[in-house]
Amino acid sequence: MSNEPLIVEVCMEKNRQLIFTPLNEKLRGRWNNTVAAGRSMHESLQTLSELPYIPGIRLLVDTAKRRLGKIDPLGTDEFAATFRIINKVAGDHPQLFGGSQVRVEDPVLYEADQVSDDELKRWLYWIWRGIKGGKLMVVSGTAPSIDEIRALPGYVRQLKPAPQSNGKQKQTSGSAS
């Protein structure tokens, strides 16, 4: 397993949100223009269509430092201009955005003393499922394989043990000499 932190982003098709089981929380997904293309939009919402995308919430897993986290990229310098555009549009259409200001989600970081083996393994398992199901995409780092996750200490109820060989050889058809 890589020592580099893994960062994934919620990016479901049709610009949807994701319920991330370990947090029991709904996370904002990436808003991609290509998904919204062809839909009718109020004229003043066209500003949003000029953005390449609006990032979804990102999840961090650092196995080397035993850290887990949730980050809203709209709160970073990289997406400051995007955030200003979104808030301008929200100010013009508070009924569509639940208010005149879009809020940046507060970052959540669990440090080593707060992260049990079970929790670390649980996050990795649900991230693995999200990647395999096309609901999460890797932004940086390398996602572990299901076998690497199984090999970690800790317990995840949904994670079944690897199939075991019972040592018997499967007979093949054909003549024996």
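Residues numbered from 1 in each chain as written. Predicted model: local features only at pLDDT ≥ 70, side-chain atom pairs only at ≥ 80, totals over all residues. Heavy atoms only, no water.

Turning to the overall build of the protein, a few remarks are in order. Within the protein one finds six helices and nine strands. Among the 177 residues that make up the protein, the fraction classed as buried is 34%. Partitioning the contacts of the protein with sequence separation of at least 6, the portion at a separation of at least 24 is 65%. As presented, the protein carries roughly 11100 Å² of accessible surface, and 49% of it is formed by carbon and sulfur atoms. (Helix = DSSP H or I, 4+ residues; strand = E, 2+ residues; numbered from the N terminus. Buried < 20%, exposed > 50% of the residue type's maximum accessible area, 1.4 Å probe, protein only. Contact = heavy atoms within 4.5 Å. Areas by Shrake-Rupley, 256 points an atom, 1.4 Å probe, with all protein chains shown as cover.)

Along the chain, T82 falls in helix α3 (residues 80-92). Apart from the residues within four sequence positions on either side, T82 is in contact with L51, Y53, I54 and L74.

Bringing the pattern of salt bridges into the picture now. Per the stated rule, a full pass over the model turns up seven salt bridges. E9 serves as the salt-bridge partner of R58, at 2.8 Å between the closest nitrogen and oxygen. Of the two residues, R58 sits in strand β6 (residues 58-62) while E9 sits in strand β1 (residues 6-10), which places them 49 residues apart along the sequence. Residue E9 is classed as buried on the basis of its relative accessible area, which comes to 0%. (Salt bridge = Lys/Arg side-chain N within 4 Å of Asp/Glu carboxyl O.)

Read from one edge to the other, the open sheet built from five strands follows the order β8-β7-β6-β1-β9, with strand pairing classed as antiparallel. Lying at the two open borders of the sheet, with one neighbouring strand each, are β8 (108-110) and β9 (136-140). Averaged over all adjacent pairs, the angle separating strand axes in this sheet is 20 degrees, with direction ignored. Two elements, β1 and β9, share four bridges in a ladder whose sense is antiparallel. Across the sheet, residue V10 finds its bridge partner in β9, namely L136. In this fold helix α5 (residues 117-132) packs onto β1, β6, β7 (67-71), β8 and β9, with an angle of close to 130 degrees to the strand it touches most, β6. (Pairing = 2+ DSSP bridges. Axes fitted to C-alpha atoms, helices over the stretch in contact; angles between N-to-C directions.)

Tallied over the full model, the rule gives five aromatic pairs. Ring geometry for Y53 versus F79: centroids 5.9 Å apart, planes at 70 degrees, classification edge-to-face. Of the two residues, Y53 is situated in strand β5 (residues 53-54) and F79 in the loop between β7 and α3; the sequence distance between them amounts to 26 residues. Their ring planes at 75 degrees and their centres at 6.4 Å tell us that Y110 and W123 sit as a pair that is edge-to-face. On the criterion of sequence distance, the pair formed by Y110 in strand β8 and W123 in helix α5 is long-range, its members being 13 residues apart. In this structure W123 comes out as buried when scored by relative accessible area, which is 1%. Linked through ring pairs, F20, Y110 and W123 together constitute an aromatic cluster. Over the aromatic face of Y53 sits the side chain of R30, whose NZ or CZ is 3.8 Å from the ring centroid. (Phe/Tyr/Trp six-rings, centres within 6.5 Å; stacked < 30°, edge-to-face > 60°. Lys NZ or Arg CZ within 6 Å of the ring centre and 35° of its normal.)

What follows deals with the pairing of β6. Of all five residues that make up β6, five are buried, and the element is covered over most of its length. Neither face of β6 is left uncovered, since the one carrying R58, L60 and D62 and the one carrying L59 and V61 both have all their residues buried. Strand direction decides the pairing type here: β6 and β7, joined by five bridges, are antiparallel. Bridging across to β7, D62 finds its partner in R67.

These figures come from the coordinates and say nothing about function on their own.
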